[in-house]
Amino acid sequence: MTVHTALRQGSRLLEEGHVPAPRLTAEVLLARALGCERGRLYSHPEEELSDLARLHYGRYLHERLRGKPTQYITKRQEFYGREFEVTPEVLIPRPETEHVVETALAHSSRGRRVVDVGCGSGAIAVTLRLETGAEVWGTDISQVALVVAARNASRLDAAVHLIVCDVLDAVASRSVDLVVSNPPYVALHEAPGLQREVRDHEPHVALFAGETGFEIYERIVADGARVLNPGGRLVLELGFKSCDRVRGMLAAGWEDIEIIPDLAGIPRVISARWAGAK
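First, a word on scope: everything that follows refers to the structure included in this document. (Residues numbered from 1 in each chain as written. Predicted model: local features only at pLDDT ≥ 70, side-chain atom pairs only at ≥ 80, totals over all residues. Heavy atoms only, no water.)

Let's shift gears to the overall build of the protein. Assigned secondary structure in the protein consists of twelve helices and eleven strands. Principal-axis analysis of the C-alpha atoms places the extent of the protein at approximately 70 × 40 × 35 Å. Classification of the 278 residues of the protein by burial places 50% in the buried group. Of the contacts formed within the protein by residues at least 6 apart in sequence, a portion of 64% connects residues at least 24 apart. (Helix = DSSP H or I, 4+ residues; strand = E, 2+ residues; numbered from the N terminus. Buried < 20%, exposed > 50% of the residue type's maximum accessible area, 1.4 Å probe, protein only. Contact = heavy atoms within 4.5 Å.)

Set out below in structure tokens:
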């Protein structure tokens, strides 16, 4: 089987299986099976696949057809121009979450100590460390997620401190300049409506916040008021239609509230400065 034939057959299988972007997915999976970049598939279309490459490619196609996300098959996801390892123990970083990074960077001049709550793969924490040079801590309730984050930090040469804890429980009062998070924000009753790739494969501890979907937001806002220094800032990714309710949590002591939309115009990030209790 040649590269050209493998791509054609794989694309057709994925299309018949109603997998989004079947051609691109086939390219990514075949490149992974061959251990090469996607560009090589087109510069060497008549190259014969080895028996091992055919075996891997077939397994990858089968896994994707059964709903396993491509990123968990390749164990890779790009975020803010860098490649991160992802496994089923961590949420797959989304392009929309880059708005969290950009908002944090806009306020990073005063943020010499940063905490990423629920850091998962470490995508936000590692990126902020490399982009700002600040002291960055990542917290997560999942120890196995932090193992992945540690590997990403080490491979990308980012000196990020990682700690197993629930939200901000292990962070001292008045010790942080910037708190960032892409928290769990899906309500439990919304599970049946999620894509199977998300519902059946991504870690539920990183997806579901509780009965309402706002439980973790409430805890981060409350604990943010405790751990932030006066003038420190909170930056949170927003779930769909969550903006008004999260904004309502930012009452006494919170000022300079900003809502940042994504490229589709949907409110994606909320940011607020902790002025201190009056």
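Going through the model one piece at a time under the given rule, you end up with 20 salt bridges. Its salt-bridge partner being Glu27, residue Arg23 comes within 3.6 Å of it at the nearest N-O pair. Placement of the pair is Arg23 and Glu27 together in helix 2 (residues 22-34), with a separation of four residues, close to one helical turn. Residue classification places Arg23 among the partly exposed positions, given a relative accessible area of 36%. Taking the relative accessible area as the measure of exposure, Glu27 reaches 7% and is therefore buried. A salt bridge links Lys68 to Glu63; its shortest N-O distance comes to 3.9 Å. Overlapping salt bridges, with partners in common, bring together Arg23, Glu27 and Arg38 in one network. (Salt bridge = Lys/Arg side-chain N within 4 Å of Asp/Glu carboxyl O.)

What helix 6 (residues 98-106) keeps buried is the set His99, Val100, Val101, Thr103 and Ala104. For helix 6, the secondary structure elements touched by its buried residues are strand 1 (76-79), helix 7 (123-132), strand 6 (176-181), strand 9 (228-237), strand 10 (254-261) and strand 11 (267-274).

Counting 27 residues, the largest nonpolar core has Leu168, Val179, Ile220, Leu234, Leu236 and Trp254 as the members making the most contacts within it. At the level of elements, strand 3 (113-117), strand 6, helix 11 (215-227), strand 9, helix 12 (243-249) and strand 11 are the ones that each hand at least two residues to this core. Looking at this core element by element, the count peaks at six residues for helix 11. Ignoring sequence-local partners within four residues, the contact set of Trp254 consists of Val221, Gly224, Ala225, Leu228, Leu234, Ala272, Arg273 and Trp274. Grouped together as the second largest cluster of nonpolar side chains are 22 residues, Phe84, Val126, Val136 and Val269 included. (Core = buried A, V, L, I, M, F, W, Y, C linked by side-chain atoms within 4.5 Å.)

Attention now moves to the sheet that holds strand 5 (residues 160-164). Taken in spatial order, the seven strands line up as 5-4-3-6-9-11-10 in an open sheet, and their pairing is mixed. Both edges of this open sheet fall to strand 5 and strand 10, since each of them pairs with a single strand only. Recorded for the sheet is a direction-independent mean angle of 15 degrees between the axes of neighbouring strands. In terms of strand pairing, strand 4 (residues 135-140) meets strand 5 through five bridges, oriented parallel. Across the sheet, residue Trp137 finds its bridge partner in strand 5, namely His161. Its contacts with the sheet place helix 8 (residues 143-155) against strand 4 and strand 5, and it is angled at close to 170 degrees to strand 5. Where helix 11 meets the sheet, its contacts fall on strand 3, strand 6, strand 9, strand 10 and strand 11, and the angle it forms with strand 9 comes to roughly 160 degrees. (Pairing = 2+ DSSP bridges. Axes fitted to C-alpha atoms, helices over the stretch in contact; angles between N-to-C directions.)

What follows deals with unusual backbone geometry. The phi torsion at His18 lies on the positive side, around 60 degrees, for a residue other than glycine. Topologically, His18 is positioned in the loop between helix 1 (3-16) and helix 2.

The two faces of strand 1 differ: Gln77 and Phe79 on one face are buried, but Arg76 and Glu78 on the other face are not. Remark: two residues form the turn of the hairpin made by strand 1 and strand 2 (residues 82-85), two consecutive strands paired antiparallel; Tyr80 in that turn has positive phi of roughly 50 degrees.

To continue, consider the pairing of strand 11. Along strand 11, six of the eight residues are buried, which leaves the element largely enclosed by surrounding structure. Relative to strand 11, strand 10 runs antiparallel, the two sharing six bridges. Pairing of Ile260 across the sheet is with Val269, part of strand 11. Hairpin connection, strand 10 to strand 11: the antiparallel pair is bridged by five residues, and Gly265 has positive phi, about 85 degrees.

Before going further, it helps to spend a moment on the side chain of Ser175. Within the secondary structure layout, Ser175 lies in the loop between strand 5 and strand 6. With a relative accessible area of 16%, Ser175 lands in the buried category. Ignoring sequence-local partners within four residues, the contact set of Ser175 consists of Arg113, Val227 and Asn229.

For the coordinates displayed, the defined rule picks out four aromatic pairs. Ring plane angle 80 degrees and centroid distance 6.3 Å describe the contact between Phe79 and Phe84, whose orientation is recorded as edge-to-face. Each member of the pair, Phe79 as well as Phe84, is classed as buried. Where Phe214 meets Tyr217, the ring centres are 6.1 Å apart and the plane angle is 40 degrees; that geometry is what we call tilted. (Phe/Tyr/Trp six-rings, centres within 6.5 Å; stacked < 30°, edge-to-face > 60°.)

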